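Residue-level structural notes
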Amino acid sequence: MRIKFAKSLTVLAAMAVGAGTAMAGTTAATAAPAKPCVTDKNLVPSCGVLWGAAAGGFTTKPRDVELKNWEKLSGRTASIFHTYHKGDEAFPTKAEIAMTSDPANPRVLLTNWKIAYGSNWAKVAKGEQDKRIDAFAARIKKTYGDKKFFLVLNHEPENDVIAKKGSGWEAKDFAAMYRHTIKRLESKGVDNAINVMAYMGNEKWMAQSWWADLYPGDDVVDWIGLDSYVSAEKGYYHYGKFADLLDRKATGNKGLGWYDWATTKHASKPIMIAEWGVYHRIGKPTDKTAGYNSVLPELAKRPGIKAIVYFDTKNDDEGNRDISIDSTKNNLAAFKKLAANPIFNVKIG
C-alpha cells in the first residue's frame, strides 16, 4: 500500500437493491439474492462481492490477531485474509494456514510476494531465483494441498519501475518476471494459485509510456487488482469517494479511467480492489461516512468488481495518515453498516 500516489440481471438487481438502501439511509441490510452466492474455480463469486481486509498495517502486531480484532470491530468475518511476504520468507505461515482452515469462519488467503527482493525483476525472469520459486512450490503443495489462494507478485509495481535500459527494473522486466514465476510454479504442479495483477492506478504512473508494458498477459493473470485510496479531508490529496479511487486517469485527464481501462482492455478478468481505504491526517479526525456510504452505489454500477479488501492502519507508510475504520464513533458506525450488507454474503467454494 502506498498512498502517494455484465453479469446477470439477478446479480445487478441484488446489487441495486443494496445501493438503493444505502442511498436512502434505511436499514443496513438488503434483500439477499434468491440463490446463495458461491465462488467458482477461480474464486469468482456467482453473485455478490467478496469482502476482505488487511489489518494492523505498518505495525509489528500479528496479522491474524489483528484481523480477528478487526472482524469483531466491523461485525463481519473477512472472506479474504490479506498478507505480505518477500524474498525467501516461508509462507503460508502457521497462522495463515490456521486462519484459512477455520470451518466456522471460512476465509481465503490473499498474499503479496515480492519475489525479487534482494535481486531484480530481470534476474528473476532469467531464472536466478528458481530455487526460491521451487521452494515455495514445494511448501505450498505440502501445507496447502489443493486449497485455492490468491497470489499477487510484487503489488504496485509502478512505484518500483526504473525506466532505464539495463536497470533490471523496467516495466517489461516486471512482465517477464511475472510470467516466468507463474509458469515455473505451474511446471511444479501448483495449480491452486489464483493470480492477481495488482496495480497502484496512480495518475502519474498511468501517464508513463511504459505503463502498458507492465501487463504480463491474460494467460497468466486471473484477476486484475487495484490498490487505491481516498481522503475524507476536503482539499487534501485525493479527496473524494469510492468512485474517485476507481476512476483516476493519466495525468492531464488523458485516456480511460482505471476501472474503464480494466473492463475494456481485459473484459474477461474479474476486478479486485485489493487495497482500499478512506483516510484523514493523524490527529485530524474527519468524517469518513460519505466515503463508506458511497461504496454500495458504485458496486451496483460496476459489476466487474468481484472483491474489495480494506487496508486498516492507524499510521500509514508516510507516517501521517489514519486509514482505520474506527477513528471516530460515526466512522465506525458507517463502516459497520456497509459491512452488514448481504451483498458480501459469499460462500467460499
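Residues numbered from 1 in each chain as written. Predicted model: local features only at pLDDT ≥ 70, side-chain atom pairs only at ≥ 80, totals over all residues. Heavy atoms only, no water.

Looking up the protein in an unreviewed UniProt entry gives the name Beta-mannanase, with the organism given as Actinoplanes digitatis. What the UniProt record of the protein gives under Sequence similarities (unreviewed entry) is the line "Belongs to the glycosyl hydrolase 26 family." (UniProt positions renumbered as here; feature names shortened; annotations may be inferred.)

**Quick notes on the pattern of salt bridges**
Evaluated as defined, the whole model comprises 14 salt bridges. A salt bridge links E186 to K183; the nearest nitrogen and oxygen atoms lie 4.0 Å apart. Taken together, the positions of E186 and K183, both in helix α6 (residues 171–187) and three residues apart, correspond to about one turn of that helix. We classify E186 as partly exposed; its relative accessible area is 40%. For K183, a relative accessible area of 38% puts it in the partly exposed group. The salt bridge involving K301 is made with E298; its shortest N-O contact spans 3.2 Å. Separated by three residues within a single helix, K301 and E298 lie in helix α11 (residues 295–301), roughly one turn from each other. (Salt bridge = Lys/Arg side-chain N within 4 Å of Asp/Glu carboxyl O. Helix = DSSP H or I, 4+ residues; strand = E, 2+ residues; numbered from the N terminus. Buried < 20%, exposed > 50% of the residue type's maximum accessible area, 1.4 Å probe, protein only.)

**Topic: the nonpolar core**
Membership of the largest hydrophobic core comes to 82 residues, with the highest contact counts inside it found for W258, I273, W276, L299 and I308. Element by element, the count of residues in this core is highest for α6, at six residues. Excluding residues within four positions of it along the chain, I273 makes contact with L226, F242, L245, L246, I305, A307, I308 and V309. Listed in part, the 20 residues of the second largest apolar core include L50, L110, V152 and V196. (Core = buried A, V, L, I, M, F, W, Y, C linked by side-chain atoms within 4.5 Å. Contact = heavy atoms within 4.5 Å.)

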